[in-house]
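Here is what each chain is made of, one letter per residue.
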Amino acid sequence: MKLAVVIPWFGRDLKGGAEQQAWQIASRLAARKHDVEVLTTCCRSFQDDWATNHLPPGEVKEPEGFRTRRFPVDERDRASFDAACSNLLNLPREILKPGVSPVSPDDAQKFVDELVKSSALQQFLVSQREHFDAFIFLPYLYGPIIHGIMAVGDRACLQPCLHDEAYAYLPQVADAFYRAGKLFFNSEGEAELALRLFGPAIATKSVVIGEGVETGSLLRSNEHLEPAALGRFVLYLGRKEAGKNTDLLIRAFSQFRRVRPNSALRLVFAGHGSVELNGCRDCITDLGLISDAQKEQLLGRCLALAQPSVNESFSRAMMEAWHHGKPVAVNGRCLATSIEARRANGGWIAENEDDWAALFVEIDRATPDELQRLGGNGKRHAEVVADWDKVMQRYEHELILITPATPPGPFIRAKTPLTINQFLPNLSYGDAISNEAITIRDHIRTLGFRSDIYARFIDPKVAHECHPFSMDALQASDAAIYHHSIGTEITPHVVRFSRPKCLIYHNITPAEFFDDFRPPFADILRKGREDLPVLAPNFLLSYGDSAYNAQELAQSGFHKPKVLPICINPEKWAFLPEPELMRRLSDGRTNIIFVGRIAPNKKQDDLITGFAHYLALDPTARLFIIGAAERDDPYAAYLFEMITRRGLTDAVHVTGSVSEGQLAAYYRTAHLFWCMSEHEGFCAPLIEAMWFDVPVLAFRSSAVPETLGKAALMFTDKTDLAAVAAVARSLITEPKMRETLIRSQRRQRITFLSTHLERILTEAVEQMLLEKGKSLGSPDLQIL
């Protein structure tokens, strides 16, 4: 493969984490016989002036087998950048909200545009996009990275080295994450942070690549530090600065010594910078900057490593300590280190000063066997996640996947292009059936066929996606896909259509739910269900979008119906939610949501009753019932009357139809998705909630158990809604319960990705056209 590594500055001796990682990536991919070129600027390093060309432009062949190509940096508006950067750096931590820009649009754009500039590098990326199989960009923050990803699009692999910092909340950064074809993360925690910041759109293209470390190779050095003279000590490695929480470590160790003044345990610092020892020189040692050989000696003799930093995407020091069999203490507020520590069971987790002081007591009291056991756990973990050979294998696997592939051609060739159209009663904005029809159309087109959607009633918001139903369009189709979900005048025409056809059944709500509210509509529902036995003998091929629906088809006489699940693609959420709504919803109150049209079978009335019980447990909570209602709908009027009568107008909000940006805001800020529905043929919002990592609490009915699998808490009894409300409260407030459920939801949601639907749909198209081939004879169709 021909690969590019793009980084703002690059050099063999640069000590920054991203710079060292870039060197390792380039040299090790080159050693594996790939054609690698590093694209960087003539700026020397992060510490140098970013508008000065310290190094000459042009290409250099490195001894490791890759090429480095440097491009000049441009003049920048330093004053504008400094002002925007100051605004970002001075923001209080609590003001940072995912999906909300922390500064004005003008400040955000100035920060990105004036950070590091190289128009020559940008022009090269635009002109050479097709000449590279993939581009690896790192780290996320700088201008050449953000603008470069825009230039190469889905060939970009962003390795962000992401921290939870104000810069990460800029909308331009989110856009870079959405545009990149792949996201390579150094740790599970970094990937988790990215999901929290940018939402589900990045989930399917996110890969934990890891990062390798090298240890042991320098132990034969002639340099001697004599760490034995330090006695029993806990080690800190890295830059000594407030951002790394070294001041917290010193305060906690001082507190520990006040509790155990006779302890022989010491705290040893090594790395760039200096620390204020605050009268603790007898028990804290700062060795300053040390060599790699000296670092190895310290790691071999310490009791444990302390890594108190909050802003890490990967801790090389932690992995090095584990490779030496030493346990590690990490900060619970840092996802990258705390998740690894929990997975490895290779040390301890602390957050505040008291936690760290107590942890020093625990380390001081620990027996050698206890320390060895934790360190051994960490060593086994590091040998998997931080081994360079395994890391490079993961790179190669993912880079091969991003290499542009040849689009598939039609598997059936005809004298004239074949047309496979879809027909359905309604095409509506945001509706699951409508979204599936669009997905099916797009996939059929990728197979090489012509395909359009025809509907009887069309929502103006999606009018560009379809055409009005007509008999001419039906008769012009070589094959037809009919979506059945209600009684409609389209049905008899589709029955008479004599060419190959397929029925997809989305279930029909039992009419009884609507008898008391909309009797004429109840009659339409009855007619739709009565049509099923009439349709059955006319369709050799039929699908339900759930096994629940397929079973009803079988009971109505359809021959061996199959399941074609609805596709819920999280990539459709690749945009920032509506910012003002995000701000309002991120005010610290509990947000409970339900998404679905206003309808008696959805039982929003039961949800309101259950939520009234919940308010007794959490008086500041609010419920959002999100979904469209029919004009002058008696059930909607009943809900509004119920809310007013119960005095819930400040706590229960019926939003009506919302935009995609607003819906994203509701999902991104929700603490719970609570479903009381008593009839669902599938219920797509349940899966959408899973993609947003919103815990789901649902009444067990119809297709709901099948959709949720084992990935939600379900209940079967509505007689004690106070008890159900207590369960809802536990899901919101108990972290372990919530985390366990979200892990299950992440496993369940991937079963509804497009790959599964596309395979089944391809088989359906093939079967329909094989039937057409039989009827027309081989001169018209050739099966490939």
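The text that follows walks through the structure, step by step, so that each part is easy to find. (Residues numbered from 1 in each chain as written. Predicted model: local features only at pLDDT ≥ 70, side-chain atom pairs only at ≥ 80, totals over all residues. Heavy atoms only, no water.)

1. What about the nonpolar core?
Okay, so step 1: If you look at the biggest cluster of nonpolar residues, it comprises 130 residues, and the most contacted ones within it are Phe111, Phe137, Phe177, Phe198, Phe673 and Trp674.
Okay, so step 2: Residues contacting Phe673, with those up to four places away along its chain left out, are Ile593, Phe594, Val595, Tyr667, Pro685, Leu686, Ala689, Val694, Pro695, Val696 and Leu697.
Okay, so step 3: With 30 residues, the next largest nonpolar core counts Trp356, Phe360, Ala366 and Leu371 among its residues. (Core = buried A, V, L, I, M, F, W, Y, C linked by side-chain atoms within 4.5 Å. Buried < 20%, exposed > 50% of the residue type's maximum accessible area, 1.4 Å probe, protein only. Contact = heavy atoms within 4.5 Å.)

2. Some thoughts on the sheet that holds strand 5 (residues 134–137)
Okay, so step 1: With respect to topology, eight strands assemble into an open sheet ordered 3-4-2-1-5-6-7-8, the strand pairing being mixed. Among the strands making up the open sheet, the edge pair consists of strand 3 (58–61) and strand 8 (206–208). For this sheet the average axis-to-axis angle between neighbouring strands, irrespective of direction, equals 25 degrees.
Okay, so step 2: With five bridges connecting them, strand 1 (residues 2–6) and strand 2 (residues 35–41) associate as parallel partners. Directly across from Val5, in strand 2, lies its bridge partner Val38. (Pairing = 2+ DSSP bridges. Helix = DSSP H or I, 4+ residues; strand = E, 2+ residues; numbered from the N terminus. Axes fitted to C-alpha atoms, helices over the stretch in contact; angles between N-to-C directions.)

3. Quick word on empty space enclosed by the protein
Okay, so step 1: Using the criterion set out here, one finds two cavities of 30 Å³ or more in the structure.
Okay, so step 2: Taken as a whole, the largest cavity holds about 60 Å³ of empty space.
Okay, so step 3: Residue lining of the largest cavity: Pro98, Gly99, Val100, Ala168, Tyr169, Leu170, Ala174, Leu197, Phe198 and Leu576, and that is the complete set.
Okay, so step 4: Of the residues contributing to the lining of the largest cavity, the split by class is nine nonpolar, one polar and no charged.
Okay, so step 5: Computed from the structure, the second largest cavity encloses a volume of approximately 40 Å³.
Okay, so step 6: Here the lining of the second largest cavity is built from residues that sort into eight nonpolar, one polar and one charged. (1 Å grid on protein atoms, 1.4 Å probe; cavity = no way out; pocket = protein on both sides within 12 Å on 5 of 7 lines; lining within 4 Å. Points joined across faces, edges and corners; volume = space filled by probe spheres on them. Nonpolar A, V, L, I, M, F, W, Y, C, P; charged D, E, K, R; others polar.)

4. As for the packing of helix 26 (residues 721–733) against helix 27 (residues 735–749)
Okay, so step 1: Contact geometry of helix 26 with helix 27 gives a least axis separation of 6 Å together with a crossing angle of 85 degrees. In terms of their interaxial angle, helix 26 and helix 27 are classed as roughly perpendicular. Residues Ser730, Leu731, Ile732 and Thr733 of helix 26 touch helix 27, and the partners they reach there are Pro735, Met737, Arg738 and Leu741.
Okay, so step 2: Classifying every residue of the contact of helix 26 with helix 27 gives five nonpolar, two polar and one charged. (Parallel < 35°, antiparallel > 145°, perpendicular 65-115°, else oblique.)

5. Here's the deal with the sheet that holds strand 21 (residues 541–544)
Okay, so step 1: Taken in spatial order, the seven strands make up an open sheet running 18-17-16-19-20-21-22, and their pairing is parallel. In this open sheet, the two edge strands, each paired with only one partner strand, are strand 18 (467–468) and strand 22 (562–563).
Okay, so step 2: Its contacts with the sheet place helix 18 (residues 519–535) against strand 19 (479–484) and strand 20 (501–505), and it is angled at close to 145 degrees to strand 19.
Okay, so step 3: Against the sheet, helix 19 (residues 547–555) touches strand 20, strand 21 and strand 22, its axis set at about 140 degrees to strand 21.

6. Observations regarding the state of the cysteines
Okay, so step 1: Scanning the model with the defined rule gives zero disulfides in all.
Okay, so step 2: Cys675 takes part in no disulfide bond, and the closest cysteine sulfur to it belongs to Cys683, at a distance of 4.9 Å.
Okay, so step 3: Among the residues examined, Cys675 registers a relative accessible area of 0% and is labelled buried. (Disulfide = S-S within 2.5 Å.)

7. Notes on the packing of aromatic side chains
Okay, so step 1: Counted by the stated rule, this structure contains 37 aromatic pairs.
Okay, so step 2: Arranged with centres 5.2 Å apart and planes meeting at 25 degrees, the rings of Phe81 and Phe111 form a pair that is stacked. A residue pair is termed long-range when its members are at least 10 positions apart, and Phe81 in helix 2 (residues 78–89) and Phe111 in helix 3 (residues 105–113) qualify at 30 residues.
Okay, so step 3: By relative accessible area, which is 6% here, Phe81 ends up buried.
Okay, so step 4: Both rings, one in Phe594 and one in Phe673, keep their centres 5.6 Å apart while their planes meet at 55 degrees; by these two values the pair is tilted. Linking Phe594 in strand 23 (residues 591–595) with Phe673 in strand 26 (residues 672–675), this pair joins segments that are 79 residues apart in sequence.
Okay, so step 5: Judged by its relative accessible area of 1%, Phe594 is buried.
Okay, so step 6: Grouped by ring-pair contacts, the aromatic residues Trp9, Phe46, Trp50, Phe81, Phe111, Tyr142 and Tyr167 constitute a single cluster.
Okay, so step 7: Over the face of the ring belonging to Phe132 we find Lys2, whose NZ or CZ atom lies 4.8 Å from the ring centre.
Okay, so step 8: One residue, Arg518, lies across the ring of Phe521, its end atom 4.3 Å from the ring centre. (Phe/Tyr/Trp six-rings, centres within 6.5 Å; stacked < 30°, edge-to-face > 60°. Lys NZ or Arg CZ within 6 Å of the ring centre and 35° of its normal.)

8. Section: the pattern of salt bridges
Okay, so step 1: Under the criterion given, the structure shown has 52 salt bridges.
Okay, so step 2: Between Glu64 and Arg12 there is a salt bridge whose closest N-O contact spans 2.4 Å. Within this pair, whereas Glu64 is found in the loop between strand 3 and strand 4 (67–71), its partner Arg12 is found in the loop between strand 1 and helix 1 (17–31), the two being separated by 52 residues in sequence.
Okay, so step 3: With relative accessibility at 43%, the residue Arg12 sits in the partly exposed group.
Okay, so step 4: Linking Asp175 and Arg179 is a salt bridge whose minimum nitrogen-to-oxygen distance equals 3.6 Å. (Salt bridge = Lys/Arg side-chain N within 4 Å of Asp/Glu carboxyl O.)

9. Notes on helix 22 (residues 634–645)
Okay, so step 1: When the terminal C-alpha atoms of helix 22 are compared, their 16 Å separation across 12 residues agrees well with the 16 Å that a helix rising 1.5 Å per residue should span.
Okay, so step 2: Those residues of helix 22 lying buried are Tyr635, Ala636, Leu639, Met642 and Ile643. Buried residues of helix 22, viewed axially, fall in a sector of 120 degrees; they line one side. In helix 22, those exposed residues whose orientation departs by more than 90 degrees from the buried face are Thr644 and Arg645.
Okay, so step 3: If you follow the buried residues of helix 22, they end up packed against helix 21 (604–615) and strand 25 (652–656). (Expected span 1.5 Å × (residues − 1). Arc of directions from axis to C-beta.)

10. Focus on the pairing of strand 26
Okay, so step 1: With burial as the criterion, each face of strand 26 is covered, one bearing Leu672 and Trp674 and the other bearing Phe673 and Cys675.
Okay, so step 2: Pairing of strand 23 with strand 26, which is carried by two bridges, proceeds in the parallel orientation. Along strand 26, the bridge assignment pairs Ile592 with Leu672.
Okay, so step 3: One ladder, built from three bridges, connects strand 26 with strand 27 (residues 696–699); its direction is parallel. By the bridge assignment, Cys675 is partnered in strand 27 with Ala698.

11. Focus: helix 13 (residues 368–385)
Since the α-helix turns once every 3.6 residues, residues separated by three or four places project in the same direction.
Okay, so step 1: The end-to-end C-alpha distance of helix 13, which contains 18 residues, comes to 26 Å, matching closely the 26 Å that a straight helix rising 1.5 Å per residue would cover.
Okay, so step 2: All buried positions along helix 13 are accounted for by Leu371, Leu374, Gly375, Gly376, Asn377, Gly378, His381, Ala382 and Val385.
Okay, so step 3: Residues of helix 13 that are buried make contact with helix 10 (316–323), helix 11 (335–344), strand 14 (347–350) and helix 14 (388–402).

12. Remarks on unusual backbone geometry
Okay, so step 1: Of the consecutive residues Leu138 and Pro139, the connecting peptide bond is found in the cis state with omega at -15 degrees.
Okay, so step 2: Looking at the secondary structure, you find Pro139 in the loop between strand 5 and helix 5 (143–152).
Okay, so step 3: Residues other than glycine seldom take positive phi values, yet Asn507 does so here, at roughly 75 degrees.
Okay, so step 4: Mapped onto the secondary structure, Asn507 falls in the loop between strand 20 and helix 18.
Okay, so step 5: For Asn507, a relative accessible area of 5% corresponds to the buried category.

Function cannot be inferred from these measures alone, as they are strictly geometric.
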